[in-house]
Each structure stands twice: as structure tokens, then as C-alpha cells.
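Survey of secondary and tertiary structure
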Amino acid sequence: MAIIETHGETAPKLDDDLSGRVAFVTGGTRGIGAAISRRLAARGATVVAGFAHDEASAARFTADCAWTEVPISVHRSDISSPDECRRSVQEVLDRCGRLDILVNNAGITADRITLRMSDDDWHRVLAVNLSGAFFTAQAALPHMLEQAAGRIVNISSIIGQTGNVGQVNYAASKSGLFGLTMSLAKEAAFMLKRAERLDPDGRNVTVNAVAPGFVETDMLATVPGKVLDGIRAQVPLNRLGRPEEVARAVEFLVSDASAYITGQVIAVNGGMEM
Ligand code: NAD
């Protein structure tokens, strides 16, 4: 067995160590978001987990997180409102003093075929899934640019890559996140260059997306068992994904290990065709 001699020096910081960093995870108290919050906390980040309209999940999450040694707290805000997005970022800054990691995870569905889709079904899904991500990122970005370091990860979906019957609103919102991710990644790098951060390592603000396939969470709770069996049969790995498996991809994208990756999408979908 190899023994590492440290000669009394502090062990080098691992590149997936997030201690000292502050993360805001929207929709972070349930499902995929809760798995992301827990994973980032396990790596040492101070986590603020957002939620809306769901006190029960926030209370359960708070109780579940009693094990963490780092601070992890919840914050209620409805990100379908641009003002609430801005207020949320300010709240994280007031509470924790900085913001290093933003995970735009909150998302909803309102499935209906196009001919039956109401104005509200369309606007609500776009407001949470796409506009919510934009306005939260817009509020967070100046702080990341100021410190020339930060990570934004947008949780999209395989549906944004393939489309789906009855989900034109959801698919449009999730495809929109790809355009948002690619553009924001370029803008962040460009703004740091303009700010004369000439040291390339000083342009350390990245923006990426994760596109999960079908993952076992409350979001799939209303999908009939037969339909889920059909989905499973289409997945080469022959099972649904687990929230923790999406969280692992996010953990990588927010760590120093991914410093040279920006404007990209990581698919976590069991090998499904896009
Ligand atoms: P979920 O329904 O369990 O959780 C959604 C979260 O979003 C909740 O924490 C909720 O509080 C939050 N939220 C909803 N509306 C909000 C609002 N107006 N303001 C603030 N927060 C709000 O869903 P999940 O399956 O964990 O999904 C998480 C993300 O992953 C979503 O963006 C979803 O589209 C995406 N996704 C899920 C799957 C899947 O199969 N479960 C697949 C691909 C992508």
C-alpha cells in the first residue's frame, strides 16, 4: 500500500473539494434537486436549497440533512417571478456572504397536446423552467464575474433533445436551456476577458447543462406504470435513473476538475438515443 508522506504539510486540496464555496440549488429540497444539495454538501459546500409551494418536502429535507457538518438551509421563493429570482440570490448573499455555484434545477410539467394547451399551461412551464433559470443566472453572474470564479449548471432534459407528445411546452423550455447555456458560457468568458482578466486561469466562470433521461422522482409519479415499462424498455441500461446519478454529474461540473468544460451538455440517460 502506498503511504503518502505529508511532512507536516496540509494535504493538498482535492479538485472535487467544495469547502468554502456557497451553492444555491433551486428546487433543491426534493427529487433530483435534493440529491444535488446533499452531494454538494457532502463535498463541503454550504448549500441553500430553494423550494416553492411545498413546505412538506422542505421540512423533510431539513430533517434528512441533520447529518451534515456544513451549513445547509432552505429558502422559499417562486422562481416564476423575475423579482423572486433576484430576491433569492440576494438572500443567499446576505445569508452566506458569497455565491459560487448556482444549480438551476427547479422545473415543472403541465402536459397537454398542443390543441388543448391553455395559455397558462404554456406560460407557467416556460416561466419556471426557462425564464426562472435565466433571471436567477442573471442575478448570480455579476458576483461570479467579480470573483472571476463560479459555476452555473442548468438541469435540462432528454425531452429537450428529442421532443415528446404532449410536452411541447416542457420540451421548448428544456431545449431553450441549451441555447441559454451555450450563450451564457460564451458571454461569461467574454466579460471576464473584457474585464482584463488576462490570466486564462482567471476566467473561471463556467456554464453547463445536464440532460437527465427518465429519473425516479415525484415528477414521474403521475406516469402510468405501463408507460414507465415502455420507457424502461427503450433504455439500453434497462432501468430508470436515480437522482444521485444526476447529482454525480452536477458534482463534477461544479468542481475544479471540470475547469476546462463550458457551454456543454452532459446526458445522464442510461444510453437513450437523442
Ligand atoms: P420534482 O417535481 O421532484 O422537483 C421539482 C422541484 O422544483 C421541487 O423542489 C419544487 O419545489 C421546485 N419548483 C417547482 N416549481 C417551482 C417554482 N415556481 N419556484 C421554485 N421552485 C419550484 O422533480 P424532479 O424530477 O426532481 O426534477 C428536477 C429537475 O430535473 C426539473 O427541472 C426537471 O424538469 C428535470 N428532469 C427531471 C426528470 C425526471 O425524470 N424526473 C428527467 C429530466 C429532467
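The coordinates are above.
The notes below deal with the structure included here. (Residues numbered from 1 in each chain as written. Predicted model: local features only at pLDDT ≥ 70, side-chain atom pairs only at ≥ 80, totals over all residues. Heavy atoms only, no water.)

Further remarks concern the side chain of Thr-181. Structurally, the position occupied by Thr-181 is in helix H6 (residues 168–194). Thr-181 sits in the buried class, given a relative accessible area of 0%. Engagement of the side chain of Thr-181 in a polar contact is seen with the backbone oxygen of Leu-177, the distance being 2.6 Å. When near neighbours in sequence (up to four residues on either side) are disregarded, Thr-181 contacts Asn-154, Val-207, Asn-208, Ala-209, Gly-263 and Gln-264. (Helix = DSSP H or I, 4+ residues; strand = E, 2+ residues; numbered from the N terminus. Buried < 20%, exposed > 50% of the residue type's maximum accessible area, 1.4 Å probe, protein only. Polar contact = N/O pair within 3.5 Å; in protein donor to acceptor, adjacent residues only side chain to side chain. Contact = heavy atoms within 4.5 Å.)

Bringing the packing of aromatic side chains into the picture now. Under the defined criterion, the tally for this structure stands at one aromatic pair. Between the aromatic rings of Phe-134 and Phe-135, the centroid separation amounts to 5.0 Å while the plane-to-plane angle is 70 degrees, which identifies the pairing as edge-to-face. On the accessibility criterion, Phe-134 (34% relative accessible area) is partly exposed. We classify Phe-135 as partly exposed; its relative accessible area is 23%. (Phe/Tyr/Trp six-rings, centres within 6.5 Å; stacked < 30°, edge-to-face > 60°.)

We now examine the environment of Ala-189. Mapped onto the secondary structure, Ala-189 falls in helix H6. Accessibility expressed as a relative area gives 32% for Ala-189, which makes it partly exposed.

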